[in-house]
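These are the residues of each chain, in order.
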Amino acid sequence: MTSDGRYKGWALFLPWILTFGIFWLFPLIYSFFLSLTDYRLLDPTVDWIGFANYARLFSDPDFITSLENSFIFVIGTIPFTTVIALGLALLLNEKLKGRTFFRAAYFMPSITSMVVIALIFSNLYARGGYLHFLADMIGLHPPVSGFLLSEKTALASIMAMDIWMASGYYMLIFLGGLQTIPDELYESATLAGASRWQKFRFVTLPMLKPVLLFIIVINSIKSFQVFVEVFVMTKGGPLNATFTGVYFVYETGLKNFDFGYASAAAYVLFAIIGIVSILQFKFLKTEWKA
Amino acid sequence: MQRSWRYILLSAIFVVMVFPLFWMFWLSITDTASRLSFDNFAYIFSTNKFGLYLFNSLLVGIIVTLGNILFCFMCGYVLARRKIPGSRFWFYTVLIVLMVPVHIVIIPVYILMQKTGLYDSYWALILPWLVNPIGIFLVKQYITTLPESLEEAARIDGAGEMRILFKIVMPLCKPALAILAIQVFMTNWNSFLFPFILTSSEQYRTLPVALAMLLGYQSIDWHQLMAGSVVAVVPILVLFIVFQRHIVSGITAGAIKQ
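The model shown is predicted, which means the values in this text are computed figures rather than measured ones. (Residues numbered from 1 in each chain as written. Chains lettered and ligands numbered in written order. Predicted model: local features only at pLDDT ≥ 70, side-chain atom pairs only at ≥ 80, totals over all residues.)

## A look at the overall build of chain A
- Counting secondary structure elements, chain A contains 12 helices and 0 strands.
- Starting at the N terminus and walking to the C terminus, you meet the elements of chain A as α-α-α-α-α-α-α-α-α-α-α-α.
- In terms of overall dimensions, chain A has a C-alpha envelope of 75 × 75 × 35 Å along the principal axes.
- For chain A, with 290 residues in total, the buried portion stands at 41%. (Helix = DSSP H or I, 4+ residues; strand = E, 2+ residues; numbered from the N terminus. Buried ≥ 20, exposed ≤ 12 C-beta atoms within 10 Å, placed from the backbone.)

## What to know about the overall build of chain B
- The helix and strand tally for chain B stands at 14 helices and 0 strands.
- For chain B, the sequential pattern of α-helices and β-strands runs α-α-α-α-α-α-α-α-α-α-α-α-α-α.
- Along the three orthogonal principal directions, the C-alpha set of chain B runs to about 75 × 65 × 35 Å.
- Here chain B holds 258 residues, and the buried ones make up 42% of them.

## A short note on unusual backbone geometry
All names here are of chain A.
- Note the cis peptide between G237 and P238, where omega equals -10°.
- Examined against the element boundaries, P238 turns out to sit in the loop between α10 (228-233) and α11 (245-255).
- Backbone geometry at F257 places phi at a positive 55°, although glycine is not the residue there.
- Considering the arrangement of structural elements, one finds F257 in the loop between α11 and α12 (259-289).

## Section: the interface of chain B and chain A
- Taken together, the contacts link 61 residues of chain B with 65 residues of chain A.
- The leading source of residues in the side of chain B that touches chain A is helix α1 (residues 3-28) of chain B, at 11 residues.
- Split by residue class, the side of chain B that touches chain A holds 51 nonpolar, 7 polar and 3 charged. (Contact = placed C-beta atoms within 7 Å. Nonpolar A, V, L, I, M, F, W, Y, C, P; charged D, E, K, R; others polar.)

## Quick look at the nonpolar core
- If you look at the biggest cluster of nonpolar residues, it comprises 153 residues, and the most contacted ones within it are V115, M171 and A265 of chain A together with C75, Y77 and V139 of chain B.
- Per-element accounting of this core gives the leading share, 14 residues, to helix α7 (residues 154-179) of chain A.
- Apart from the residues lying within four places of it in its own chain, the contact partners of C75 of chain B are L12, F13, P15 and W16 of chain A together with V131 and I136 of chain B. (Core = buried A, V, L, I, M, F, W, Y, C linked by C-beta atoms within 7 Å.)

## Regarding helix α10 (residues 174-190) of chain B
Residues and elements named next belong to chain B.
- Taking 1.5 Å per residue as the helical rise, α10 with its 17 residues ought to reach 24 Å, and the 24 Å between its terminal C-alpha atoms agrees with that figure.
- With 12 of its 17 residues buried, α10 lies for the most part within the structure.
- Along α10, the residues classified as buried are A176, L177, I179, L180, I182, Q183, V184, F185, M186, N188, W189 and N190. (Expected span 1.5 Å × (residues − 1).)

## Section: the packing of helix α4 (residues 87-99) of chain B against helix α7 (residues 133-145) of chain B
All names here are of chain B.
- Here α4 crosses α7 at 135°, and the two axes come no closer than 9 Å. Of the possible angle classes, the one that applies to α4 and α7 is oblique. In this structure, α4 meets α7 at a crossing whose hand is left-handed. For the pair formed by α4 and α7, the contact residues are V94, V97 and L98 on the first element and P133, I134, I136 and F137 on the second.
- Taken together, the residues that form the contact of α4 with α7 break down as 7 nonpolar, no polar and no charged. (Axes fitted to C-alpha atoms, helices over the stretch in contact; angles between N-to-C directions. Parallel < 35°, antiparallel > 145°, perpendicular 65-115°, else oblique. Left-handed = near helix turned anticlockwise from the far one by under 90°.)

## Digging into the environment of V105 of chain B
- Position of V105 of chain B among the secondary structure elements: in the loop between α4 and α5 (106-115).
- For V105 of chain B, a count of 24 C-beta atoms within 10 Å translates into the label buried.
- Distance from V105 of chain B to T47 of chain B, taken between C-alpha atoms, is 36 Å for residues 58 residues apart in sequence.
- Those residues in contact with V105 of chain B that sit more than four places away from it in its chain are F23, W24, P27, L28 and S31 of chain A.

## Some remarks on the confidence of the model for chain B
- Looking at chain B, the pLDDT average stands at 91 and 96% of residues meet or exceed 70.
- Taken over the whole predicted complex, pTM reads 0.92, whereas the ipTM for its chain interfaces reads 0.92. (pLDDT = per-residue confidence, 0-100.)

## Thoughts on the packing of helix α3 (residues 50-80) of chain B against α10 of chain B
Residues and elements named next belong to chain B.
- Where α3 meets α10, the closest approach of the two axes is 9 Å, and the angle between their N-to-C directions is 145°. Read as a crossing pair, α3 and α10 show a hand that is right-handed. Along its contact with α3, which presents S57, V60, G61, V64, T65, N68, I69, C72 and F73, the element α10 presents L177, L180, A181, V184, F185, N188 and W189.
- Here the residues of the contact of α3 with α10 sort into 11 nonpolar, 5 polar and no charged.

## Description of α7 of chain A
- With 26 residues, α7 of chain A extends 38 Å between its outermost C-alpha atoms, agreeing within 8% with the 38 Å of an ideal straight helix rising 1.5 Å per residue.
- Burial analysis of α7 of chain A places 20 of its 26 residues in the buried class, the great majority of the element.

## Description of the environment of Q141 of chain B
- Mapping Q141 of chain B onto the fold places it in helix α7.
- Remark: the alpha-carbon pair of Q141 of chain B and F45 of chain B, spanning 96 residues in sequence, is separated by 44 Å.

If you want it as structure tokens, here you go:
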């Protein structure tokens, strides 16, 4: 490569270097520094306070609640989303008329704006809203004030909406994975006299492991960051019932402008997401080898 | 499973998946007494400034999409053909950013925009998103599968690097760039968090931000809110129906290759 060519190479790559440096690397470092200070918007003096913000976080009941809610959200949605998505993919993996149509329809919620989905469900969940009406009719005794205004049902309602929304997206990824499984494997399984269930258990499932791992890790990272739904539908309420980790970061940092404290919270959440992803990788990988 | 049972099941799921969107359309074209009426649309475009929000969403969406086509192509090409030392390292930076949760950068980016005076402007909506890691990844993977012989032949014929890049490689990348463009536009169109925290005045408000802020206001009812939602959803639905195959293959390709 000529030195001229190399020079042009850097010029062509400049957009990523700038974006990476300015909007990712710098913020990541800066936000860690912030987390060690008491920087607030309206306070001109900025002092180093070491890890005091982190210590404060773990005695802050609001933060603990927000972490609990985030974990409930992740643990309560991912198994359902994954199983439903896999079920939909299996239903649509065989050649049948209208396959493309159904696939498109199931996927449609995933391409719709989260704000719009949250608005529609706010209406459906409200007192007298369609879902509220339906639940009442079949005798489920929904909360009188509507699903989102009751402590008991608010978080679960948002979770149900998220499962509904995300299933079609992960279905598509499963379908992609299913198509990479060679037909010969099923043919030889048929010759060996395997039942449908055995084919699924001993051919499909093992072959889908990498896709399954990918889906679980990606969905966990996404679900730990739940924010838009909460912002639109409940603002963290009622009584902190839907107050999640990222909502805590938003409220402390960009509503109360307590930048240092919010950055510390963001880093704790970041560390939790990192640890959970690594654990998932390790655990699921060894599980599969056995 | 018997064929007819499969269709009954598929149709039942279809109703569950499509009903909320149907409900949105239904509310948007009826009034509070459930009579057909298009007044909701007239209201949001006259009393609320949905024309402005629509314009903002389109403007930002188009600029960001064009930026990504050009910049992701350039950067993906550099990584695929190893045009700079440390290509592998730079490729890792792309993969890492793909995994970094965005909540960690919202406060520093907010402060950065405030300090540079870009807060509450079109720049704040556009600059951070002109190139994105998924796009670079897609282009890089695609160019790696293309034979290098065409580029070498052109080089022997004395074509300059820029000419090779834009006249030979770029046209070959059209399928990948099409997928990229649609994905970038849809993501940008639907994005809420950053437009919401990086702007404050109505002048720079995009559709999702406007809709999220309108819920709970006394002066607007569900029918009008759903009319606004329809305005935000229809362009994406049209894109989806027209480019369905591109969108589906883009998602599966990106996921499976990782």
